[in-house]
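# Summary of structural features
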Amino acid sequence: MGVEVSVEGLTKSFGSQRIWQDVSLTLPAGEVSALLGPSGTGKSVFLKSLIGLLRPEQGSIIIDGTDILQCSSKDLYEIRKLFGVLFQDGALFGSMNLYDNVAFPLREHTKKSESDIRKIVMSKLELVGLLGAEDKLPGEISGGMRKRAGLARALVLDPEIILVDEPDSGLDPVRTTYISQTLIDINAEIDATILIVSHNINLARTVPDNIGMLFRRQLVMFGPREVLLTSDEPVVKQFLNGTMIGPIGMSEEKDEAQMAHEQALVDAGHHAGGVEDVEGIVPQMQATPGMPVRQAVGRRQDRVRQILHTLPPAAQAAIVESLDGEGAATAYPEHDYREHDYRDDDTQVIPAYSPEGYDQPHGMK
Ligand SMILES: Nc1ncnc2c1ncn2[C@@H]1O[C@H](COP(=O)(O)OP(=O)(O)OP(=O)(O)O)[C@@H](O)[C@H]1O
Ligand SMILES: [Mg+2]
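Let me sum up the structure you'll find in this document. Quick caveat: nothing in here was measured; it's all calculated off a predicted structure.

### Considerations on the overall build of the protein chain
For the protein chain, the helix and strand inventory stands at 13 helices and twelve strands. Burial statistics for the protein chain: of 365 residues in total, 39% are counted as buried. Within the protein chain, contacts between residues separated by at least 24 positions form 67% of all contacts whose residues are at least 6 apart in sequence.

Structure representation (structure tokens):
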């Protein structure tokens, strides 16, 4: 099973520019999580921080018992071997063909024979639909193909933790769905801990077990998918619906006057963008029939059962409804999910997931 990644109180700045602060979340071992957020909120910076490519100035990142912000560079080198990473730009070597790009980590980190390497490289290229393109240089293929080649390269070492930065960017909607299916199947096959950074709402609604969102230098929330997908937070609703109405603007800061002006335009009949009202939960994608059972499903059910009472009521209702066919009444005979101890006070604090439960508030201030 993949390893847990536990982030506590993480803060990152570049010079005087604060990117995000006090970010705490745990990527549960072997589950698929997604990090959403408008452009420029620091999702890629977060991902690079997790593998020690960027160094947050405060907080801890515990991976397999080691805080990578405190450990030696030798230990960091070992920890990095647990990762497979798809960077936002694919990060392929421009002078190497796709075959050599995908083979690179195997040649660098293992003593496998070229014939073993060939088997692995071809199977990963097949997985991402690139068989036949292995002789092409990155400059000779489309952006979406580069992205898929980057994913193949991220997978060759069968990593325990897979980070993918916008796997859908540059892909058409059908290929995006294939990539979504591939990520779920990989999770079923190698039980890796997966973090997907994405803007893609379809992917966010159907793939991850857990979802988080960055906005205005804060982690707005992080937890089981049902929490974000049933959230009433204006920023979440606007993001899921892709409309102009809400706190997200073209630039990071959008003031009250701008919001009022846009609302007035819409009230007068102007199209606010977005095509449908995205509401509530849709079923999660499953591993392709014939794949191993996705172990994360059962583990997540046990986990959310334990923290159920701490979640917002709408999320509780959705989780209870989805629980393994037992139904709410039999699964929780004495539990009334409408009576909850979820904090819903004036400050609109939405707790983020921590191993102990939703007891550590991290919300929009
Ligand atoms: N190496 C760096 N040096 C200085 N600033 C940086 C560096 N990397 C990122 N930034 C800044 O950090 C902020 C967040 O960037 P990041 O790439 O993480 O955003 P993002 O959420 O991934 O956006 P997108 O959705 O567009 O990919 C940006 O303002 C960016 O300019
Ligand atoms: Mg990015």
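This is not the end of the story, as more comes after the structure.
### Side note on the nonpolar core
If you look at soluble globular proteins, the nonpolar side chains tend to sit buried side by side. If you look at the biggest cluster of nonpolar residues, it comprises 82 residues, and the most contacted ones within it are Val-102, Leu-163, Ile-196 and Met-213. Per element, the largest residue contribution to this core is six residues, and it comes from helix 5 (residues 143-155). Taken domain by domain, the makeup of this core includes at least three residues from each of domain 1 (5-225) and domain 2 (295-359). If near-sequence neighbours (up to four positions away) are discounted, Met-213 is found in contact with Leu-36, Gly-37, Val-220, Met-221, Leu-228, Val-236 and Phe-239.

### Description of the sheet that holds strand 3 (residues 32-36)
With respect to topology, six strands assemble into an open sheet ordered 6-7-8-3-9-10, the strand pairing being mixed. The open sheet has two edge strands, strand 6 (83-86) and strand 10 (218-224), and neither has a second partner. Within this sheet the neighbouring strands show an average axis-to-axis angle of 15 degrees, counted without direction. In the sheet, strand 7 (residues 161-165) pairs with strand 8 (residues 193-197) via five bridges, with the strands oriented parallel. Bridging across to strand 8, Asp-165 finds its partner in Val-197.

### Examining the sheet that holds strand 2 (residues 17-27)
Ordered in space as 2-1-4-5, the four strands form an open sheet in which the pairing is antiparallel. Both edges of this open sheet fall to strand 2 and strand 5 (66-67), since each of them pairs with a single strand only. When strand 1 (residues 5-14) meets strand 2, the two strands line up antiparallel, connected through seven bridges. When the sheet's bridge partners are listed, Ser-6 is paired in strand 2 with Thr-26. With respect to the sheet, helix 1 (residues 43-50) is in contact with strand 1, strand 2 and strand 4 (58-63), its orientation differing from that of strand 1 by roughly 120 degrees.

### A short note on the packing of helix 3 (residues 98-109) against helix 5
Here helix 3 crosses helix 5 at 30 degrees, and the two axes come no closer than 7 Å. Viewed along their axes, helix 3 and helix 5 adopt a mutual orientation that is roughly parallel. As helix 3 runs across helix 5, the sense of the crossing is right-handed. Two secondary-structure elements touch here, helix 3 through Leu-98, Asn-101, Val-102, Phe-104 and Pro-105 and helix 5 through Ala-149, Ala-152 and Arg-153.

### Concerning helix 6 (residues 173-190)
Taking 1.5 Å per residue as the helical rise, helix 6 with its 18 residues ought to reach 26 Å, and the 26 Å between its terminal C-alpha atoms agrees with that figure. Residues Ile-179, Ser-180, Thr-182, Leu-183, Ile-184, Ile-186 and Asn-187 constitute the buried set of helix 6. The secondary structure elements touched by the buried residues of helix 6 are strand 3, helix 4 (114-127), helix 5, strand 8, helix 7 (201-206) and helix 11 (295-307). The positive-phi residue at the C-terminal boundary of helix 6 is Asp-191, with phi of around 55 degrees.

### Observations concerning the pairing of strand 1
What sits between the antiparallel neighbours strand 1 and strand 2 is a turn of two residues, in which Gly-15 has the positive phi angle 60 degrees. Pairing analysis gives five bridges linking strand 1 to strand 4, with the strands arranged antiparallel. Looking across to strand 4, one finds that Glu-8 is bridged to Ser-60.

### Comments concerning the site of ligand 1
If you check the shell around ligand 1, you find Phe-14, Ile-19, Gly-37, Ser-39, Gly-40, Thr-41, Gly-42, Lys-43, Ser-44, Val-45 and Gln-88 and nothing else. In terms of residues, the shell around ligand 1 owes the most to one element, helix 1, which gives three residues. Classifying every residue of the shell around ligand 1 gives three nonpolar, seven polar and one charged.

### Concerning the environment of Ile-162
Along the chain, the position of Ile-162 falls in strand 7. C-alpha separation for the pair Ile-162 and Ala-192, spaced 30 residues apart in sequence, amounts to 6.8 Å. Those residues in contact with Ile-162, other than ones at most four positions away along the chain, are Gly-84, Ala-154, Ala-192 and Ile-194.

### Overview of the packing of helix 3 against helix 4
Their axes nearest at 10 Å, the elements helix 3 and helix 4 cross at an angle of 125 degrees. By the angle class used here, helix 3 and helix 4 are oblique. The two elements helix 3 and helix 4 cross, and the hand of that crossing is right-handed. Here Tyr-99, Val-102, Ala-103, Leu-106 and Arg-107 of helix 3 come into contact with helix 4, specifically with Ile-117, Ile-120, Val-121, Lys-124 and Leu-125. Its residues assigned to classes, the contact of helix 3 with helix 4 shows eight nonpolar, no polar and two charged.

### Observations regarding the environment of Tyr-99
As for its position among the elements, Tyr-99 is in helix 3. By the C-beta count within 10 Å, which is 20 here, Tyr-99 ends up buried. Through-space distance from the C-alpha of Tyr-99 to that of Ala-133 is 8.3 Å; in sequence the pair is 34 residues apart. With residues up to four places along the chain from it excluded, the contact list for Tyr-99 reads Val-121, Glu-134 and Asp-135.

What counts and what doesn't
Residues numbered from 1 in each chain as written. Chains lettered and ligands numbered in written order. Predicted model: local features only at pLDDT ≥ 70, side-chain atom pairs only at ≥ 80, totals over all residues. Helix = DSSP H or I, 4+ residues; strand = E, 2+ residues; numbered from the N terminus. Buried ≥ 20, exposed ≤ 12 C-beta atoms within 10 Å, placed from the backbone. Contact = placed C-beta atoms within 7 Å. Core = buried A, V, L, I, M, F, W, Y, C linked by C-beta atoms within 7 Å. Domains from an automatic or database assignment. Pairing = 2+ DSSP bridges. Axes fitted to C-alpha atoms, helices over the stretch in contact; angles between N-to-C directions. Parallel < 35°, antiparallel > 145°, perpendicular 65-115°, else oblique. Left-handed = near helix turned anticlockwise from the far one by under 90°. Expected span 1.5 Å × (residues − 1). Near = placed C-beta within 6 Å. Nonpolar A, V, L, I, M, F, W, Y, C, P; charged D, E, K, R; others polar.

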